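Report on the structure
What follows is each chain in one-letter form.
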Amino acid sequence: MKKNKFKIFAAMALASMLSFSSCNDYLEVSLQDQMTLEEVFSKRVTTERYWAHIYSYIPREYEYLSEGCAVPLSDEAQFSWYQWVDYLIFKTGSWGPTSTAYNIWKSKYTGINQATIFMDNVDRCQELDANSRKIMKAEVRFLRAFFYFELLRQYGPVYVWGDVAPDPLIKPDQVDRHTMDQNVNFIIEEFDKAIADLPLEVADMNEWAGRITKGAAMAIKSRVLLYAASPLFNGCDLYKGKMKNIYGEYIFPQQANPEKWTKAAEAAKAVIDMPQYKLYEATGESDPFQKAIKSYQGVLFDEWNSEIIWGAWARNPTNADFGSAEFFYITRFLPPTLLRNAFGGYCPSLKLVDTYPMAESGRYPVTGYDSNGQPIVDEKSGYKSTGFTANYSHPIDGAMGLINAHNSCVGRDARFYASILANGFYWINNYAGNKQVTFYTGGTSPYKGNDGDCVKVGFLFRRMVDPQLNTNNGNFGKVFWSYCRLAEVYLNYAEACNEKPQRDEAEALKYINKVRNRAGLNDLEEAYPEVIGNQDLLRELIRKERMVELAFEGHRYHDVRRWMIAEKELTGKNYTLNLLATEYEQSWNRTDQVWMGADNIFEPKHYFFPINQVQLSEMKNMTQNYGW
């Protein structure tokens, strides 16, 4: 399966005879060679190219340095570059209505419009049978609604054209944003229509892996309803009495509706009850801890497994200077200097590293930080924030040699070792010999000050790099990306069960425990007996579990926003290990003196992006977001 490059994403590279251009108006389609819509939809090949083109508007979430990915905006990551990267202005709060970075408004409305054109014309193609046309139309209906969700997630409520083509004669001063409920209701209604016509599975995975299925649409529906129930989208105080549209309506709900949590729970449970999805588990491992490690690794390395509800192979970057998708993606997870083709830079934050639970107690070890950025340790967890363990054998890479491991890296859960390459660990394979990785000044992968191509935190994220890849010889494999998997749906369900008016603590615990147990951890109520009957504590623990289980998958930035805790979580100094040190032991001290960039800033106005000035110039009565 790894060698197949399935047709749907290969078809996104459209033939020169047919192209779709934003030109001056992103609500128009430009057909080269004077092809008319009637001609395009008269043939199967051009109809399929148009259909595949709609898929090309799906965000490139695996391009961590582009606008398709929210990972570098969050507190789970601390990438190494100080310049030439768009995410920095969002970390430092220096963005606004004239900023062009991450402005997805135009591209998503282009995709929305082209989806509508496809749906309105696909039935002209008699070279496709009726069932094929019905399924393709359902896929595109889902994608159009998904593009609306992307806009909603970033900007709040937007203008919804509905199930009709945009009116080119509409007066710009008559366009304003519809309400949150109108946005969500349209998205969900469109999902439901798509779900009714989508198949349960892709008939030929060699040809069409990555196409939208019934389960994919249902899973994203659960995500949308979870967002709609969350504080930011559901009657938060910040937007009360603010932002009326030109139709006289408040675009944000003025009071919370707790029943939205019930809808979110029901939608997630509907996916859980589908028999074809289950958490991935590695077979052939008798040791429970090794099984837990390989099960978590296998979610991404064993592509199209039973946990993947919607996935895709990566497309090449939009910027050709970055090389292939595989090169661009993998090389920045590799330790520079120590390996060839290695740029480093994709670093987890200390906060993410600190959040992984302890294997024996099952408790999340760090409860917060003091004013100097030092961790406040849960004494019951068994975690040690200082000192070293000599002759330590890494659970995955121990055969390469024993190490003097910092105690903070000892006794963590399986996902920690599958995900985190710590200062002092061996590299994950020995194609170039056994290579111990040290990030301090003078180490084997040394700190280089202002140079972006080095590690500035003291840790690299290793989860996305298959140890079987010989990157030293230029083998970067194929990049597989999970847009949605069952573990997320379990955590969606657990969160909604904890929050809904008829709170179901037992169900919430049952499904968070399924995720924890796969990682080799005990049940949450065993680790935290005090969680029983404590909604606030369970909420906090679900949030921690989402952070580690879904790390670097693009959820964290949106999660802290929808929970309205971003002002706390995304603000403050950038703490790292002391990589200025010239000796290994001293490099483990924490400091804010290594990172040369500005501090992180998140203000209330940052919960939603501003409507860009380009759009405001076109639509003069468009309601701007709070604070902008």
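Residues numbered from 1 in each chain as written. Predicted model: local features only at pLDDT ≥ 70, side-chain atom pairs only at ≥ 80, totals over all residues. Heavy atoms only, no water.

If you tally the helices and strands in the protein chain, you get 21 helices and ten strands. Over its C-alpha atoms the protein chain spans a radius of gyration of 24 Å, differing by no more than 12% from the 25 Å that the globule rule assigns to 628 residues. When its C-alpha atoms are laid out on the principal axes, the protein chain stretches across 70 × 55 × 50 Å. Burial analysis of the protein chain (628 residues in total) assigns 62% to the buried set. Partitioning the contacts of the protein chain with sequence separation of at least 6, the portion at a separation of at least 24 is 69%. For the protein chain, the exposed surface amounts to about 23700 Å²; the carbon and sulfur share of it is 47%. Between the mean site of the 68 positive side-chain charges and the mean site of the 77 negative ones, the protein chain shows a separation of 1 Å. (Helix = DSSP H or I, 4+ residues; strand = E, 2+ residues; numbered from the N terminus. Rg over C-alpha atoms; globule rule 2.2 N^0.38 Å. Buried < 20%, exposed > 50% of the residue type's maximum accessible area, 1.4 Å probe, protein only. Contact = heavy atoms within 4.5 Å. Areas by Shrake-Rupley, 256 points an atom, 1.4 Å probe, with all protein chains shown as cover. Lys, Arg positive; Asp, Glu negative; His and termini not counted. Charge placed at Lys NZ, Arg CZ, Asp CG, Glu CD.)

Here His558 lies in helix 19 (residues 556–562). When sequence neighbours within four positions are dropped, the list of residues in contact with His558 reads Ala70, Arg153 and Tyr227.

Glancing now at the environment of Glu585. Secondary-structure assignment places Glu585 in the loop between strand 9 (576–577) and strand 10 (590–591). Overall, Glu585 belongs to the partly exposed group, its relative accessible area being 35%. For Glu585 and Gln154, which are 431 residues apart along the polypeptide, the C-alpha to C-alpha distance reads 43 Å. Apart from residues lying up to four places away in sequence, Glu585 is in contact with Phe388 and Asn404.

Relative placement of two packed helices is described by the angle separating their axes and the distance separating the axes. The geometry of helix 3 (residues 44–55) relative to helix 5 (residues 105–121) is characterised by a closest axis approach of 9 Å and an angle of 145° between their N-to-C directions. Here helix 3 and helix 5 pass one another in a crossing that is left-handed. Touching Thr47, Tyr50, Trp51, His53 and Ile54 of helix 3 are Gln114, Ala115, Ile117 and Phe118, all from helix 5. Class assignment for the residues of the contact of helix 3 with helix 5 results in six nonpolar, three polar and no charged. (Axes fitted to C-alpha atoms, helices over the stretch in contact; angles between N-to-C directions. Left-handed = near helix turned anticlockwise from the far one by under 90°. Nonpolar A, V, L, I, M, F, W, Y, C, P; charged D, E, K, R; others polar.)

With respect to the element layout, Asn475 can be found in the loop between strand 7 (459–461) and strand 8 (480–485). In this structure, the C-alpha to C-alpha distance between Asn475 and Tyr64, residues 411 residues apart in sequence, is 20 Å. For Asn475, the residues in contact, after removing those within four places along its chain, are Leu469 and Asn470. Among the polar contacts listed, one links the side chain of Asn475 to the backbone nitrogen of Gly477, at a separation of 3.2 Å. (Polar contact = N/O pair within 3.5 Å; in protein donor to acceptor, adjacent residues only side chain to side chain.)

Overall, the prediction assigns the protein chain a mean pLDDT of 93, with 95% of residues at 70 or greater. This stretch, residues 1–7, has a pLDDT under 50; its non-local contacts, to residues over four places away or in other chains, come to 23 contacts. Counted against residues more than four places away or in other chains, residues 9–24, with its pLDDT under 50, gives 38 contacts. (pLDDT = per-residue confidence, 0-100.)

Counting 202 residues, the largest nonpolar core has Tyr64, Phe79, Phe142, Trp310 and Phe459 as its most contacted members. Broken down by element, this core gets its largest block of residues, 13 residues, from helix 6 (residues 130–155). Those residues in contact with Phe79 that lie beyond four places of it in its chain are Tyr64, Leu65, Val71, Pro72, Tyr87, Gly345, Tyr346, Cys347, Phe552 and Trp595. In terms of nonpolar packing, the next biggest core, distinct from the first, is built from five residues, Ala292, Tyr296, Ala414 and Ala418 among them. (Core = buried A, V, L, I, M, F, W, Y, C linked by side-chain atoms within 4.5 Å.)

With the rule as written, the count across this model stands at 60 aromatic pairs. Taking 4.8 Å as the distance between ring centres and 70° as the angle between the ring planes, the aromatic pair formed by Tyr82 and Trp595 counts as edge-to-face. Note that Tyr82 is positioned in the loop between helix 3 and helix 4 (88–91) and Trp595 in the loop between strand 10 and helix 21 (613–618), a separation of 513 residues in sequence. Using a relative accessible area of 9% as the deciding quantity, one classes Trp595 as buried. Between Tyr329 and Phe333 the ring centres are 5.2 Å apart and the planes differ by 80°, which places this aromatic pair in the edge-to-face class. For Tyr329, a relative accessible area of 4% gives the class buried. Three or more aromatic residues joined by ring pairs make a cluster, and in this case those are Phe142, Phe146, Phe149, Phe191, Tyr227, Phe233, Tyr239, Phe252, Trp310, Tyr483, Phe608 and Tyr626. In this structure, Arg211 is placed above the aromatic ring of Trp208, and the distance from its NZ or CZ to the ring centre is 5.3 Å. Lying over the aromatic face of Tyr227, Arg562 brings its terminal NZ or CZ to 5.4 Å of the ring centre. (Phe/Tyr/Trp six-rings, centres within 6.5 Å; stacked < 30°, edge-to-face > 60°. Lys NZ or Arg CZ within 6 Å of the ring centre and 35° of its normal.)

Moving on to the pattern of salt bridges. Here the structure, examined in full by the defined rule, presents 45 salt bridges. Lys294 is the partner of Glu285 in a salt bridge, and the nearest nitrogen-oxygen pair spans 2.6 Å. You can call Glu285 partly exposed: its relative accessible area is 27%. With a relative accessible area of 36%, Lys294 lands in the partly exposed category. A salt bridge links Glu495 to Arg562; the shortest N-O distance between them is 2.9 Å. One end of the pair, Glu495, is in helix 15 (residues 486–499); the other, Arg562, is in helix 19, and 67 residues separate them in sequence. Residues Glu495 and Arg562 agree in their burial class; the two are buried. Overlapping salt bridges bring together Glu307, Asp413, Arg415, Arg463, Arg485, Arg518, Glu545, Glu549 and Glu553 as one network. (Salt bridge = Lys/Arg side-chain N within 4 Å of Asp/Glu carboxyl O.)

Bringing the pairing of strand 1 (residues 308–313) into the picture now. Burial runs high along strand 1: six of the six residues are buried. Two elements, strand 1 and strand 8, share five bridges in a ladder whose sense is antiparallel. Along strand 8, the bridge assignment pairs Ala312 with Trp481. (Pairing = 2+ DSSP bridges.)

Let's shift gears to the environment of Thr213. As for its placement among the helices and strands, Thr213 is situated in the loop between helix 8 (205–208) and helix 9 (214–229). Residue Thr213 is classed as buried on the basis of its relative accessible area, which comes to 7%. In the structure, Thr213 is positioned 131 residues away from Gly344 in sequence and 36 Å away in space, judged by C-alpha atoms. Not counting chain neighbours up to four residues away, the residues in contact with Thr213 comprise Leu198, Pro199, Leu200, Glu201, Val202, Tyr277 and Ile309.

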